[in-house]
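# Fold and contact review
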Amino acid sequence: MKITRTTSSRIGEANLKNPTFGTQFSDHMLICKYRKGAWEQPEIKPFGPISVTPALHTLHYGQALFEGQKAYYMKDGRIGIFRPDMNAKRLNHSARRMFMPEFPEEWFLEGLKELVNLDRQWIPQNEGHALYLRPFMFGSSEFVAARPSEEYTMCIITSPVGPYYAGEVKVKVEETYTRSAAGGVGSTKCAGNYGGAFFATDQARKEGYTQVIWTDHKNHELVEESGTMNVAFVIDDTLITPPLSDRILAGITRDSILTLVRDTGILKVEERPIKVQEVVEAAREGRLQETFGMGTAAVVSQICTIGFRGEDFEIPVPSDGYAMKIKQELGAIRSGIKEDPYNWMAIID
Ligand SMILES: *Cc1c(COP(=O)(O)O)cnc(C)c1O
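The structure reproduced in this document is the subject of the present report. (Residues numbered from 1 in each chain as written. Predicted model: local features only at pLDDT ≥ 70, side-chain atom pairs only at ≥ 80, totals over all residues. Heavy atoms only, no water.)

## Description of the pairing of strand E16 (residues 288-295)
Successive side chains on a regular strand alternate, one facing one side of the sheet and the next facing the other. Burial analysis of E16 places seven of its eight residues in the buried class, which makes it a mostly covered element. Pairing of strand E13 (residues 230-235) with E16, which is carried by six bridges, proceeds in the antiparallel orientation. Following the sheet pairing, Val234 is matched in E16 by Glu290. With four bridges joining them, E16 and strand E17 (residues 299-308) adopt antiparallel strand pairing. Of the residues in E17, the one forming a bridge with Gly295 is Val299. The hairpin turn running from E16 into E17, its antiparallel successor, is three residues long. (Buried < 20%, exposed > 50% of the residue type's maximum accessible area, 1.4 Å probe, protein only. Helix = DSSP H or I, 4+ residues; strand = E, 2+ residues; numbered from the N terminus. Pairing = 2+ DSSP bridges.)

Structural data, given as structure tokens:
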């Protein structure tokens, strides 16, 4: 891997105490081009603009996808990335579905480690803070014709971040718009999934909510997921979350939480289809103990309100409940306070 270091670090101007999510970028980035059917040598170089032609394929046809994970300072001063091997695999899952070339897993992992190591000063040290890693890939041929791109660009940039959701999360059950459908691309992190969601989310915002809970494309009966988080409900001391399908993004946080909860026996776990009606009834009867989102950005996000057909259901958000216990357990592994029996942390030496 060719590495060109910056000669003018911007770290002096960085705000690491109170960073706004995804607005500051560290000194270096990785770039790798796919041409003539093969990936060329990846290169790490100073972060900066890339020039593109107006005929850039991805601007017209949207063969674009991304990943997201975090690097942390651990309690003993080591630096660890949380489960990057899972991101490498999911990137390639997205790539296959979007008819894009797979990126070699070893390069992905090596590139991330190299970048984090080079920009270690950019990792904020406060509780809940991290260096957010954003790998992405896009079709970079220069032609306007609705066929697949022939060239692709893989890129990784990194950004210091604080806790994602400040404050209470109020979600609205979405019954008009759909994020994904069977046979579609809902299980991929392709760019269009997010562009297609902004309108519905904005409608919900105008009604006073933070996010939507997507429901199934057919009858809007089943809970799917929320924004960039998988969702879990605690009803009668059981954690219930929808099963994975080609409509739901396979969250790494979701997988980690289910593993942890099953192994520690904090709660019973049911991965099964769950109807909005079941959630609403449980809320009415006071049996909906907690609801939370699971995702890299927020890790665990307690949901305090579920809006459904104009009615708001208030849900307990205990500071010593299941969601916070799970967040703590996960945090203890991430920070190295507890041992890491699953080898989730990729340590940077
Ligand atoms: C990224 C994402 C998630 C969460 O995945 P993590 O790997 O836990 O960050 C959930 N849903 C959607 C739609 C996402 O894009």
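## Some thoughts on the site of the ligand
Neighbouring the ligand are 15 residues, the closest being Lys189, Tyr194, Glu225, Thr253 and Thr296. Between an oxygen atom of the ligand and a side-chain N or O atom of Arg90, the distance comes to 2.8 Å. In this structure, an oxygen atom belonging to the ligand sits 2.6 Å away from a side-chain N or O atom of Thr296. Residues of the shell around the ligand, tallied by class, amount to four nonpolar, seven polar and four charged. (Near = heavy atom within 4 Å. Polar contact = N/O pair within 3.5 Å; in protein donor to acceptor, adjacent residues only side chain to side chain. Nonpolar A, V, L, I, M, F, W, Y, C, P; charged D, E, K, R; others polar.)

## Let's talk about the side chain of Thr201
By the secondary structure assignment, Thr201 is in helix H5 (residues 198-206). On the basis of relative accessible area, Thr201 is assigned to the buried category, the value being 8%. At 2.8 Å, the side chain of Thr201 and the backbone oxygen of Ala197 are in polar contact.

In short, geometric facts, not functional conclusions.
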